[in-house]
Amino acid sequence: MILTFHVALTADFYDEAGIPRYSDFGLDTFDGHDHIVVSRFSDHRNEITSNQLTGKHAVLVLTPKVTAASLAGCEDLLVISRFGVGYDSVDVKACTANNVLVTITSGAVDRSVAEATVGWMLALTHRMLQKDHLVRTGRWDDRNQYMGCELRNRTLGVIGLGGIGRKLVQLLQGFGMNQPIAFDPFAAPELFVKSGVKRVNFEEVLSTADFVSLHCPLNDQTRGLIGAEQLALMKPDAYLLNLARGGIVDEDALCDALASEQIAGAALDCFENEPVVTPNRFGELGNVLLAPHSIAWTHELFRDIGRSACKSLLDLSQGRRPSGVVNPEVFDSAAFESKWARIKR
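Bear in mind that the values here come from a model prediction, so they are computed numbers and not experimental data.

Student: Looking at this structure, how should I read the overall build of the protein?
Tutor: Scanning the protein from N- to C-terminus turns up 11 helices and 12 strands. Its C-alpha atoms give the protein a radius of gyration of 22 Å, near enough to 20 Å, the size a compact globule of 345 residues would have. Dimensions of the protein, computed from C-alpha atoms along their principal axes, come out at roughly 75 × 45 × 35 Å. Out of the 345 residues belonging to the protein, those deemed buried represent 49%. Long-range contacts, defined here as pairs at least 24 residues apart, represent 63% of the contacts in the protein between residues at least 6 apart. Carbon and sulfur atoms make up 50% of the accessible area of the protein, which totals about 16,600 Å². A gap of 5 Å separates the mean positions of the 33 positive and 42 negative side-chain charges of the protein.

Student: Quick question: what am I supposed to make of the pairing of strand β9 (residues 211–214) here?
Tutor: Remark: a regular strand shows side chains that alternate across the two faces of the sheet. Both faces of β9 are covered, namely the face carrying Phe 211 and Ser 213 and the face carrying Val 212 and Leu 214. By the bridge criterion, four bridges tie strand β6 (residues 156–159) to β9 in an arrangement that is parallel. Paired with Leu 156 across the bridge in β9 is Phe 211. When β9 meets strand β10 (residues 239–242), the two strands line up parallel, connected through four bridges. Its bridge partner lying in β10, Phe 211 is registered against Tyr 239.

Student: Help me understand helix α5 (residues 163–171) in this model?
Tutor: Owing to its 3.6 residues per turn, the α-helix aligns residues three or four sequence positions apart on the same side. Listed as buried for α5 are Ile 164, Gly 165, Leu 168 and Val 169. Considered in projection along α5, the buried side chains sweep an arc of 140° and stay on one side of the axis. Next to the buried residues of α5 lie α3 (110–125), β6, α6 (189–195) and β9.

Student: So what exactly am I meant to see when it comes to unusual backbone geometry here?
Tutor: Residues other than glycine predominantly adopt negative phi, and peptide bonds predominantly adopt the trans conformation. Geometrically, the link from Glu 274 to Pro 275 is a cis peptide bond, its omega value of 0° lying close to zero. Checked against the element boundaries, Pro 275 lands in the loop between β11 (265–268) and β12 (288–290). A positive phi is found at Glu 261, a non-glycine position, where the angle reads about 60°. Considering the arrangement of structural elements, one finds Glu 261 in the loop between α9 (251–259) and β11.

Student: How do you make sense of α3 when you look at a structure like this?
Tutor: Between its terminal C-alpha atoms α3 stretches 23 Å, which fits the 22 Å expected from 16 residues at 1.5 Å a residue. Most of α3 sits out of view: 12 of its 16 residues are buried. Within the span of α3, buried status applies to Asp 110, Ser 112, Val 113, Ala 114, Ala 116, Thr 117, Val 118, Trp 120, Met 121, Ala 123, Leu 124 and Thr 125. Phi turns positive, to about 55°, at Arg 127, one or two residues after α3.

Student: What is the right way to look at the packing of aromatic side chains in this model?
Tutor: A ring pair, where both rings are aromatic, is described by two values, the distance of the centres and the angle of the planes. In the structure shown here, the tally under the stated rule is 12 aromatic pairs. The interplanar angle of 45° and the centroid separation of 5.6 Å between the aromatic rings of Phe 183 and Phe 202 together place this pair among those described as tilted. Pair noted here: Phe 183 is in strand β7 (residues 181–183) and Phe 202 is in helix α7 (residues 202–208), with a separation of 19 residues, a long-range link. Its end group placed over the ring of Tyr 14, Arg 40 keeps NZ or CZ at 5.2 Å from the ring centre. Taking the ring centre of Phe 331 as reference, the NZ or CZ of Arg 321 above it sits at 4.1 Å.

Student: Teacher, can you tell me more about empty space enclosed by the protein here?
Tutor: What the rule picks out here adds up to one cavity of 30 Å³ or more. Counted as a void, the largest cavity has a volume near 30 Å³. Around the largest cavity sit Thr 125, Cys 149, Glu 150, Arg 154, Asp 210, Phe 211, Asp 237 and Tyr 239, which together line it. Looking at the lining of the largest cavity residue by residue, the class counts come to three nonpolar, one polar and four charged.

Student: Would you take a moment to explain the side chain of Lys 339 for this structure?
Tutor: Counting through the fold element by element, Lys 339 comes out in helix α11 (residues 334–341). Buried charge Lys 339 goes without a salt bridge, the closest partner of opposite sign being Asp 76 at 7.7 Å.

Student: So what exactly am I meant to see when it comes to the nonpolar core here?
Tutor: It is characteristic of soluble globular proteins that their nonpolar side chains tend to be buried jointly. Ranked by internal contacts, the top residues of the largest apolar core, which has 60 residues, are Phe 5, Phe 13, Met 121 and Leu 156. Those elements that provide at least two residues to this core are β1 (5–9), β3 (58–61), α3, β6, α5, β10, α10 (299–317) and α11. Sequence-distant contacts of Met 121, that is, excluding residues within four places in its chain, are made with Leu 151, Leu 156, Leu 168, Leu 172, Met 177, Phe 211 and Leu 241. Ranked by size, the runner-up nonpolar core spans 32 residues in total, among them Phe 202, Cys 216, Phe 282 and Val 288.

Student: How do you make sense of the state of the cysteines when you look at a structure like this?
Tutor: Here a disulfide denotes a covalent bond joining the sulfur atom of one cysteine to the sulfur atom of another. With the rule as written, the count across this model stands at zero disulfides. Note on Cys 74: no disulfide assigned, nearest cysteine sulfur contributed by Cys 95 at a separation of 10 Å. This cysteine, Cys 310, is not joined by any disulfide, and Cys 95 carries the nearest cysteine sulfur, 18 Å off. The class for Cys 310 is buried, based on a relative accessible area of 1%.

Analysis parameters
Residues take numbers from 1 onward in each chain, read along the sequence in its written order. Residues qualify for local features only when their pLDDT is at least 70, as the model is predicted, and side-chain atom pairs are given and counted only at 80 or more; totals for whole chains, interfaces and linings, by contrast, use all residues. Only hydrogens and water are set aside; all other atoms, that is, all heavy atoms of the structure, feed into the side-chain values. Where helices and strands are cited, they refer to DSSP runs of H or I of at least four residues and of E of at least two residues respectively, numbered from the N terminus. This radius of gyration counts C-alpha atoms alone. The globule rule is 2.2 Å times how many residues there are, raised to the power 0.38. Only protein chains enter the calculation, and the probe is 1.4 Å; a residue is then buried if its accessible area is under 20% of its type maximum, exposed if over 50%, and partly exposed in between. Here, two residues are considered to be in contact whenever any of their heavy atoms come within 4.5 Å of each other. Accessibility throughout is a Shrake-Rupley quantity obtained with a 1.4 Å probe, and a residue counts as covered only by protein chains that appear here. His is not counted, nor are the chain ends; Lys and Arg add positive charge and Asp and Glu add negative charge. A single reference atom marks each charge: NZ on Lys, CZ on Arg, CG on Asp, CD on Glu. A pair of strands is considered paired only if DSSP assigns at least 2 bridges between the two. Think of the arc as the fan of directions from the helix axis to the C-beta atoms. Helix span is expected to be 1.5 Å times the residue number reduced by one. Aromatic rings from Phe, Tyr and Trp, with only the six-membered ring used for Trp, were paired whenever their centres fell within 6.5 Å, and each pair was classed as stacked if the ring planes differed by under 30 degrees, edge-to-face if by over 60, and tilted otherwise. We call a charge positioned over a ring when the NZ of a Lys or the CZ of an Arg lies within 6 Å of the ring centre and within 35 degrees of the ring normal. Definitions used throughout: a 1 Å grid over protein atoms alone; a cavity as a set of points that fits a 1.4 Å probe which cannot get out; a pocket as an open set with protein on both sides within 12 Å along at least five of seven lines; a lining residue as one with an atom within 4 Å of a point. Grid points are joined across faces, edges and corners, and a volume is the space filled by probe spheres set on the points. For this classification, Asp, Glu, Lys and Arg are treated as charged, while Ala, Val, Leu, Ile, Met, Phe, Trp, Tyr, Cys and Pro are nonpolar and the rest, including Gly, are polar. We define a salt bridge as a contact between a side-chain nitrogen of Lys or Arg and a carboxyl oxygen of Asp or Glu at a distance within 4 Å. Residues belong to one nonpolar core when they are buried, are Ala, Val, Leu, Ile, Met, Phe, Trp, Tyr or Cys, and are joined through side-chain atoms within 4.5 Å. Cysteine sulfur atoms that come within 2.5 Å of each other are treated as a disulfide pair.

Laid out in structure tokens, this is it:
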């Protein structure tokens, strides 16, 4: 029986000198468990290659893609653990075909992403970016041209009433907003009732909400979900917030809508093509807030994600089914059970 469980971290958790980029990403979860051996990839690659996975039982992945080619010949690999809740960068079908679990850290990101969304809602309505610019450019007397508005009596519309969406609704209690509305065809009806959210169709969210906040995964059903037709349904004083994935929004259509002031503004944490390493066209607009897919990054977020991910890997190493499994059908595979049996403690 193999008594050592090899966990590898992708190289982007560390800088060029091998020093961790983040103060705490949960590795203390493995303290006292001597059968866990942790290493890191020697170099960063946009797509994980199969030689990086040789001899590994588990990989904690920050940003690289995992493809079918990544998994070729990886006979010992049990699990790909995504550091977060999005897994569009992982070929789940290929993982399943190769008897590899994919796990995410459900729940660990809810507070931070929801809190960042509230912050952006306030920044947009109080026109913080423009007012900051007035002082930096000595235009104090122009302040009367930049009146804002409160969240009071405004309506939040959520696309995707998962953990983040529900936490957002909770955090906004006390601002005096109207009853929130949401569209999520996969959420159970009792979730809407329990959260105090009115269940409406997609078009009603767009046409009614003062804030349309996206918290759905990127998949075949949501790719291009928000385009010119959908933006045309929004009110001229409404805001679009995307803290989910870039491909959900048609950037050409959104840029046109913002430039023409068809909608009041937007906040974007993610983009169709990442990373964005040259000046972005949205940066030329004064009614949009931008972040490099990190608006929710906090020390607490990385700690909580890391502990959740590492707890799942520890559970697997000790013969327990981990939480957050995306493809649980892998457990029914005899080939997976054979691999797993070799390292169960």
